[in-house]
Each structure stands twice: as structure tokens, then as C-alpha cells.
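Letter by letter, the chains look like this.
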Amino acid sequence: MLLRGVLLALQALQLAGALDLPAGSCAFEESTCGFDSVLASLPWILNEEGHYIYVDTSFGKQGEKAVLLSPDLQAEEWSCLRLVYQITTSSESLSDPSQLNLYMRFEDESFDRLLWSAKEPSDSWLIASLDLQNSSKKFKILIEGVLGQGNTASIALFEIKMTTGYCIECDFEENHLCGFVNRWNPNVNWFVGGGSIRNVHSILPQDHTFKSELGHYMYVDSVYVKHFQEVAQLISPLTTAPMAGCLSFYYQIQQGNDNVFSLYTRDVAGLYEEIWKADRPGNAAWNLAEVEFNAPYPMEVIFEVAFNGPKGGYVALDDISFSPVHCQNQTELLFSAVEASCNFEQDLCNFYQDKEGPGWTRVKVKPNMYRAGDHTTGLGYYLLANTKFTSQPGYIGRLYGPSLPGNLQYCLRFHYAIYGFLKMSDTLAVYIFEENHVVQEKIWSVLESPRGVWMQAEITFKKPMPTKVVFMSLCKSFWDCGLVALDDITIQLGSCSSSEKLPPPPGECTFEQDECTFTQEKRNRSSWHRRRGETPTSYTGPKGDHTTGVGYYMYIEASHMVYGQKARLLSRPLRGVSGKHCLTFFYHMYGGGTGLLSVYLKKEEDSEESLLWRRRGEQSISWLRALIEYSCERQHQIIFEAIRGVSIRSDIAIDDVKFQAGPCGEMEDTTQQSSGYSEDLNEIEY
């Protein structure tokens, strides 16, 4: 690989730049530059000859952690954090290798945000590049090494460097090449040009950065091509934060008729998309290219050259840069996820209906046995197609969304619930309306669905022309009509499946994969259980989870417990910070004998627990949202405690738990008060 030889030269050049490294950086020559090992974990060891720090199995055993914490940092401008590291292990322990994790710890958050994780062993140094979005908040970088199996397991850090700018930017003057890598090919590859590196087969240019032979650039030469359409690829670091704007670079092409120079994006699923291709013959000057670049989710940029033969000349590349401002030739409509989404709590947002008449009505209902509340809070507003009360068969209600720019990939998510139809197919459908051609294309429709349950649908689509999303409710005959409910529509850039490959959001748990970091004091039939679908006992418990309608939630099974028996679910220890926290979750308390659900705060080294929130008795057939605002400057845990009621119809469930820094703000607690005892301690300071 191109970088292997380059990285071996890092040690010789590292000392020269160690004295002027920016904040958040360290070359580990004579010290750790203010990065400190956390006392409760294994220490990171500074190598006696300098150059790196490490932890290995001579200081700890499998599963033990070494944690390195940076001094206070601030990134008021977009920054790039690069980490040069190595993970080694013995061949017999590949099933459980060591792992290196990198977190951001903001001063006002009680949890750490996982930015990156790696566990691939290597016999050479590797580079990780991480984009840090600009923020006025102070933070620390936390690097965690977890030792794997084997007597020779080790983790080493060669350099940490934080610089202003984007990780996909590069002038190729630094020896780590900004984390760009060449995909090795037996015949054609990207090489470093300029400086003392000369090639006898081609007359290569001076670099663009310094416009002299002292500077460097990347180039690929056709001289060794042996087959038709030989391809060389230069691959950027993976973006780690959403970005959109103008990607620019300088290039030279010699003998452009025998080569094709293209620029692609590639997401984590391996999907390629061409975003630019050189369309003019080469000349001796550096040419500027500007390309619209949208990366709402992690993706790589790939510079690809394909040669048709050994006389294809060369292609040179230099000075890749990015600006969050769109290119000068940008004339298309810009996309806003906020303007394209709606939870219908205030109005219809940017959605509208046919002029023929209101087929969809914005409603707010009190949940009962036959109709659930809205999906957003349980007691808010949603849209209802009142097809049951129309007099004519063939009734159609259309809801149009705002205009979406063409040639972008979108992820549409929404929640729907259906009541009363005998035949459910096509009672709700989603169409794409191409404005320029007045063409509608169906991209989704209901087939079968549990009745009366909020279900999540997600659809990925892309069209070349500007489009609108249209929700259509259809009543085929007077004798088979029902109700169609719609809520929480979101439209975002990118594929819906891309989010599955991202780290879970910090401080959130939907229980879809597991119980996250929640623990229980004991596990038996009377504990909290993770479940999907209906609970076993009739007339109690939810019909589905809150997240998707078909996912998982946590609940107590009352038929396995006796009256007054408790089940307790504990969060992991949360770091104490100044300021307010907002805890949100959804709870389900339905059944004539429902008992008590309480949320407690337990501070470190305190035996007493403080009550934050409580609900007693049956609350609703719907999932209801709870908001709890609290403050705690010491390490603490949040405890969900459910107590079984007087009968087996007292299942209690929770879902979609989320911890956020700062006050709950405008998210008012709209949960209803029960007819029995209720305490609402929504703002408590300790």
C-alpha cells in the first residue's frame, strides 16, 4: 500500500514538528502533551525512546481498559482530528482482538459521544481521520484502548493531531497524505510527485501549491498499463460528520483522449455514485474543478483514472479543498430537512391538500379503547383521513409535501395507523409527483398491518427532476371504509439504510438491538423483559413498540409477579456536570389493575434515592411521552422502577429513552394526570 512506506518515514520527521503542534495534538516524543491516563484504568506507557505510547498485556489482562483524556479543547471552526495508531495481536486470538475507541466529552453532557472505533490488527501504522463540527462548547477527547485475547495483544498511539479544516482537504505536502490511500493495482497506482521524486518516463508538472519543484502532488501514469481499462483509485478518508457544499481541486491531464478521469462518492454500503468527470482535453496548466458535494452520512471521495493503453499519458491532482458554501454554478433549489418534515403539533407545516376539499383533517383525540393518541407525545395532533364518513365510493384524499430538489437521494420516514378497513391493501399509498412532467409514481403502499398500531415506514428514493411526496388515502367502496392516521413525517438526505451502520446516538436507547447500557439488580421472571409485539395478557400492555410498531420495548409481565413486587432498571453511571439535563422516554400503562411507575435519581455514594417522576394506575391505551428536567453535579444513575398492581392486567412498558444536555425547553410534558394518585416533579435540583 502507498502509505506503508510513507508512514515508516514519519519517525524521522516527527520531532521537527513536535514543538509547534496545535492544541489537541501530541507527537509523544518526551511527554503526553497534557493527555493524562485516567486513574481508574490501566496507564498508557510512554515508550522509552519516544515516538509513541502504548498499552499491552504485560500491564493488564483481557477486557481491561486504558483511558487517555485530553485537556480542555474548543473547535470554533470545523476541525480534523487525525490519529496514527496500531493494534497488534497474535494469530490465534483474531476472534477477540483489542479495540480502540475515540469519544468526545462535552462539558455539559453526562455521557460521552462515540466518534470512531477500530479493532483490525495491523503490522504497520494506520491513520484515522475524524471531522469535528464547529462548536462554541468546550470538550475533551477520550481515547479508550480495550485489551483483547492473547499474550501479545497491544495498542499503540503514534500521533494525535487536530487542525482547522476538513479531513477531505489535502495539499499532499504532509507525509501522512491526509489519510488518502491508493487502492493497489499491479500495473497502475497513484504516487507522490514533486520534490526529489522524478519519473523518467513522463515529463511531470510542478506542484500547484508552491508552483515549484519543492512541492508535492499525486499523479498516476499510464506507462505500465498492460490491459484495456486499467483503473487507479485514490480514496479519501471517510467523512464522519454531515457536510454539504463545494468540493474543489486542481488537476492536469496529458493526452486526455486515452484516459478517463472521474470523481465518485462511495457510502459504507459500497454504493458508488459518479459526481464529476473531466470533459475537456488536457493541457499543460492546472485546471480548477468545482463539484457539488453532499455527505449527509459517512462516505468516501474516490478519484479514479481509467487508461485505455500505455500511451494514455498521466493525470495529476493537487490542492483538494472544501467549502460549506455551494459552488458558483449552483442554481438548484436547496434542501432543508426541517422544512420537509412535520409532526403536525402546530399546523400542517409545508404540506397542503387538493383544492377539491380537505381529505385530511388535523385532529387531537383523547385515547380510548378504539383509537390511540398521536405518535409524537400520545396526546398531541396528527392527521386523519376521515374516509369512513364520506358518502361517495372511490373517495381519494391527497396530501402534498414541499418541493424537493432533483438528483438527490432521500430517506422518507413516517408513522401511520389504520382502523376499520376489511381489506387493507392500498388504503394508504405514497407517490412521487414529478412537477415538470406531471407524472405520479407509486413508491409504497400498505399491504397488511396491525390495526390501531402506529407503524413506521421508511422509503429511499431518488429522481432526476424536482419532486413532491404525495400521501394518498383511498376508500374503494362505501361498505369498506375506515380511518387512516398519519404523523411524524421526516425527509432527510441519504439512504434510510445508512443510519444502521452508524454508532448509536449517545444517551439514547430504543431497545431494538439489546438493553443498551441498562442493567438490573436481579434477573428472573419478575424482572424487566425485552419484548416485541403484544404482551401475553389481554386488556393490558402495548400492541407494539413506540419506535417502529414492530420493534422492541422493555416491560414487566404482571402475571409473573405478585401484588406490590418491584422490578428495577438501572442506567449506567452518568457523569455529573453543571446545568440542567432533560430525560425523555415513552411509557405505556394500560390495564384495570395497573400499579406504579417511578423514576429515581441515585447519586454516587448516597444510599438514598430521590424521586424525579411518578405515575400511578391506568394512564392510556397509547404510548405517552414523559419529560423530566433535573440537575446533578455528581456521578449518578437513573432508575426506572415498576411495581405490579392489584391484578394481572397491570403490565407496564417503557421505550425510546433519551438523555439530553440542557433544559427540556419547549417540549412540554403533555402526559395526562391519572384519576388516581399522581406526582409530577419535573424540575428538581440537587
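Parameters and conventions
- Residues numbered from 1 in each chain as written.
- Predicted model: local features only at pLDDT ≥ 70, side-chain atom pairs only at ≥ 80, totals over all residues.
- Heavy atoms only, no water.
- Helix = DSSP H or I, 4+ residues; strand = E, 2+ residues; numbered from the N terminus.
- Contact = heavy atoms within 4.5 Å.
- Core = buried A, V, L, I, M, F, W, Y, C linked by side-chain atoms within 4.5 Å.
- Buried < 20%, exposed > 50% of the residue type's maximum accessible area, 1.4 Å probe, protein only.
- Disulfide = S-S within 2.5 Å.
- Pairing = 2+ DSSP bridges.
- Axes fitted to C-alpha atoms, helices over the stretch in contact; angles between N-to-C directions.
- Phe/Tyr/Trp six-rings, centres within 6.5 Å; stacked < 30°, edge-to-face > 60°.
- pLDDT = per-residue confidence, 0-100.
- 1 Å grid on protein atoms, 1.4 Å probe; cavity = no way out; pocket = protein on both sides within 12 Å on 5 of 7 lines; lining within 4 Å.
- Points joined across faces, edges and corners; volume = space filled by probe spheres on them.
- Nonpolar A, V, L, I, M, F, W, Y, C, P; charged D, E, K, R; others polar.
- Polar contact = N/O pair within 3.5 Å; in protein donor to acceptor, adjacent residues only side chain to side chain.
- Salt bridge = Lys/Arg side-chain N within 4 Å of Asp/Glu carboxyl O.

Novice: Let's hear about the overall build of the protein chain: which residues, and what values?
Specialist: In terms of helices and strands, the protein chain carries two helices and 43 strands. Partitioning the contacts of the protein chain with sequence separation of at least 6, the portion at a separation of at least 24 is 80%.

Novice: Outline the nonpolar core, supporting the account with residue identities and numerical values.
Specialist: Within soluble globular proteins, side chains that are nonpolar generally end up buried alongside one another. In this structure, Trp190, Phe249, Phe261 and Phe303 are the most contacted members of the largest nonpolar core, which totals 40 residues. For this core, the secondary structure elements donating two or more residues are strand 12 (190-194), strand 13 (216-221), strand 14 (230-235), strand 15 (243-253), strand 16 (259-267), strand 18 (287-295), strand 19 (299-307) and strand 20 (314-323). Apart from residues lying up to four places away in sequence, phenylalanine 261 is in contact with Trp190, Phe249, Tyr251, Ile253, Trp276, Lys277, Ala278, Phe303, Glu304, Val305, Val315 and Leu317.

Novice: Go over the state of the cysteines, please, and point to the residues and values.
Specialist: Two cysteines whose sulfur atoms are joined by a covalent bond form what is called a disulfide. As enumerated under the stated definition, the model contains eight disulfides in all. Note on cysteine connectivity: cysteine 411 is disulfide-linked to cysteine 496, with sulfurs 2.0 Å apart. Torsion about the S-S bond of the cysteine 411 and cysteine 496 cystine: about 110°, corresponding to right-handed handedness. Separated by 85 residues along the polypeptide, cysteine 411 in strand 25 (residues 408-419) and cysteine 496 in the loop between strand 30 (483-493) and strand 31 (508-509) bring together distant segments of the chain. What makes cysteine 411 buried here is its relative accessible area of 3%. Here cysteine 509 is linked by a disulfide to cysteine 516, with a sulfur-sulfur distance of 2.0 Å. In this structure the cystine formed by cysteine 509 and cysteine 516 twists about its S-S bond by roughly 90°; its chirality is therefore right-handed. By relative accessible area, which is 4% here, cysteine 509 ends up buried. Cysteine 516 sits in the partly exposed class, given a relative accessible area of 38%.

Novice: If you had to explain the sheet that holds strand 17 (residues 272-277) to someone new, which residues and values would you point to?
Specialist: Strand order in the open sheet formed by five strands is 11-14-19-16-17, with antiparallel pairing between adjacent strands. The open sheet is flanked by strand 11 (181-183) and strand 17, the only strands paired with a single partner. The average angle at which neighbouring strand axes cross in this sheet is 30°, direction not considered. By the bridge criterion, six bridges tie strand 14 to strand 19 in an arrangement that is antiparallel.

Novice: Let's hear about the packing of aromatic side chains: which residues, and what values?
Specialist: This model, assessed by the stated rule, comprises 40 aromatic pairs. Pairing tyrosine 166 with phenylalanine 322 gives two aromatic rings, centres 4.7 Å apart and planes at 70°, and the pair type is edge-to-face. Here the residue tyrosine 166 occupies a position in the loop between strand 10 (154-164) and strand 11, and phenylalanine 322 occupies one in strand 20, the gap between them amounting to 156 residues. Residue classification places tyrosine 166 among the buried positions, given a relative accessible area of 12%.

Novice: Report on the confidence of the model for the protein chain, specifying residues and quantitative values.
Specialist: Fine structural detail should not be taken from predicted coordinates in areas where pLDDT scores are low. This prediction gives the protein chain a mean pLDDT of 84; 86% of its residues lie at or above 70. Note that residues 666-686 has pLDDT below 50 and, in this model, 65 contacts with residues that lie over four places away or in other chains.

Novice: Mind laying out the sheet that holds strand 23 (residues 382-385), listing which residues take part and the relevant values?
Specialist: Strand-to-strand pairing in sheets goes through backbone hydrogen bonds, with the strands running parallel or antiparallel. The five strands are arranged 22-23-30-25-28 in an open sheet whose pairing can be described as antiparallel. With partners counted over all chains shown, the strands left at the sheet margins are strand 22 (360-363) and strand 28 (455-463), one partner each. Here the strands of the sheet are splayed against their neighbours by 35° on average, with no regard to which way each runs. Here strand 25 runs beside strand 28; their pairing, made up of nine bridges, is antiparallel. Looking across to strand 28, one finds that arginine 413 is bridged to glutamate 458.

Novice: Which residues make up empty space enclosed by the protein, and what are the values?
Specialist: Taken as a whole, this structure holds one cavity of 30 Å³ or more when the rule is applied. Each pocket or cavity is described by its volume, and for the largest cavity that value is around 40 Å³. In this structure, the largest cavity is lined by Arg82, Leu83, Val84, Ile127, Glu159, Lys161 and His176. The residue inventory of the lining of the largest cavity, partitioned by class, reads three nonpolar, one polar and three charged.

Novice: Pulling in residues and values, what's your account of the side chain of glutamate 641?
Specialist: Looking at where glutamate 641 falls in the secondary structure, it is placed in strand 40 (residues 636-643). Here glutamate 641 falls in the buried class, since its relative accessible area comes to 4%. In terms of polar contacts, glutamate 641 uses its side chain to reach the side chain of arginine 568, at 3.0 Å. Filtering out sequence-adjacent residues up to four positions away, glutamate 641 remains in contact with Trp528, Lys566, Ala567, Arg568, Leu596, Leu597, Ser598 and Tyr600.

Novice: Can you explain the pairing of strand 40? Please cite residues and give values.
Specialist: The side chains of a regular strand alternate, first on one face of the sheet and then on the other. Of all eight residues that make up strand 40, eight are buried, and the element is covered over most of its length. Residues of strand 40 alternate between two faces, with His636, Ile638, Phe640 and Ala642 on one and Gln637, Ile639, Glu641 and Ile643 on the opposite face, all of them buried. Strand direction decides the pairing type here: strand 35 (residues 566-570) and strand 40, joined by five bridges, are antiparallel. Each bridged residue has a counterpart across the sheet, and for leucine 570 the counterpart in strand 40 is isoleucine 639.

Novice: Got a sec to walk through the pattern of salt bridges? Specific residues and values, please.
Specialist: Applying the stated criterion to the full structure yields 20 salt bridges. Put simply, glutamate 174 and lysine 161 hold a salt bridge, and the shortest N to O gap is 3.0 Å. Linking glutamate 174 in the loop between strand 10 and strand 11 with lysine 161 in strand 10, this pair joins segments that are 13 residues apart in sequence. Exposure remark for lysine 161: the relative accessible area of 19% places this residue in the buried category. The salt bridge involving lysine 277 is made with glutamate 274; its shortest N-O contact spans 4.0 Å. What makes lysine 277 partly exposed here is its relative accessible area of 42%. Here glutamate 274 falls in the partly exposed class, since its relative accessible area comes to 39%.

Novice: For the pairing of strand 19, give the residues involved together with the corresponding values.
Specialist: Burial analysis of strand 19 places nine of its nine residues in the buried class, the great majority of the element. Neither face of strand 19 is exposed, since Met299, Val301, Phe303, Val305 and Phe307 on one face and Glu300, Ile302, Glu304 and Ala306 on the opposite face are all buried. The pairing of strand 16 with strand 19 spans nine bridges and is classified as antiparallel. The residue of strand 19 that forms the bridge with valine 260 is alanine 306.

Novice: Talk me through the environment of lysine 364; I want residue IDs and the actual numbers.
Specialist: Looking at where lysine 364 falls in the secondary structure, it is placed in the loop between strand 22 and strand 23. The sequence separation of lysine 364 and glycine 378 amounts to 14 residues, and the corresponding C-alpha distance is 9.7 Å. Setting aside chain neighbours within four positions, we find lysine 364 in contact with Leu379, Gly380 and Tyr381.

Novice: Tell me about the side chain of serine 598, residues and numbers included.
Specialist: Position of serine 598 relative to the elements: it lies in strand 37 (residues 596-603). Residue classification places serine 598 among the buried positions, given a relative accessible area of 1%. Of note is the side chain of serine 598, whose polar atom sits 2.9 Å from the side chain of arginine 614. Excluding residues within four positions of it along the chain, serine 598 makes contact with Leu611, Trp613, Arg614, Ile639, Phe640 and Glu641.

Novice: Got a sec to walk through unusual backbone geometry? Specific residues and values, please.
Specialist: Phi is positive for cysteine 349, which is not a glycine, with a value near 55°. Even without a glycine there, the phi angle at cysteine 516 is positive, about 55°. With respect to the helices and strands, cysteine 516 occurs in the loop between strand 31 and strand 32 (519-520).

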